[in-house]
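A closer look at the structure
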Amino acid sequence: MDLEFNSQEELYQRVLPALRAKCQELARLGLSYIREKDIWNYLILNKWRKAQDLQLSDIVSDIMHVDSYELDCYVKDMMFQAKRKREEENLEVI
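Residues numbered from 1 in each chain as written. Predicted model: local features only at pLDDT ≥ 70, side-chain atom pairs only at ≥ 80, totals over all residues. Heavy atoms only, no water.

Of all residues in the protein, 95% have pLDDT values of 70 or greater, and the mean over the chain is 91. Averaged pLDDT values over the elements of the protein bottom out at 92 in helix H4 (residues 68-90) and peak at 97 in helix H2 (residues 36-46). (pLDDT = per-residue confidence, 0-100. Helix = DSSP H or I, 4+ residues; strand = E, 2+ residues; numbered from the N terminus.)

Structure representation (structure tokens):
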């Protein structure tokens, strides 16, 4: 069975159950602040950037086997960058 997706959003919706399952697993490990989009974005940037012809089964496998330590570091870095950006936007110029 050949599945084709018209957009990244359509593919995201298709694998959302796997992303939710991974989030539940991470929450049991004390990483409840990691969201589905965090896992998705991490894999896009770090695992799938140069990949071609990914199969749905490969994508789901990558989601379920993502390294929790590396994912945690990625999310914390993104949170730090967002906080820093907000702080910079709130600075008053003297």
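And the narrative resumes.
Here we take up the pattern of salt bridges. For the structure shown, the criterion picks out 5 salt bridges. Here Lys22 and Glu25 are joined by a salt bridge, their closest N and O atoms 3.1 Å apart. Residue Lys22 and its partner Glu25 are located together in helix H1 (residues 8-28), separated by 3 residues, close to a single helical turn. The class for Glu25 is partly exposed, based on a relative accessible area of 28%. A salt bridge links Asp72 to Lys76; its shortest N-O distance comes to 3.3 Å. One end of the pair, Asp72, and the other, Lys76, are both in helix H4, 4 residues apart, so they sit about a helical turn from each other. Given a relative accessible area of 46%, Lys76 falls into the partly exposed group. (Salt bridge = Lys/Arg side-chain N within 4 Å of Asp/Glu carboxyl O. Buried < 20%, exposed > 50% of the residue type's maximum accessible area, 1.4 Å probe, protein only.)

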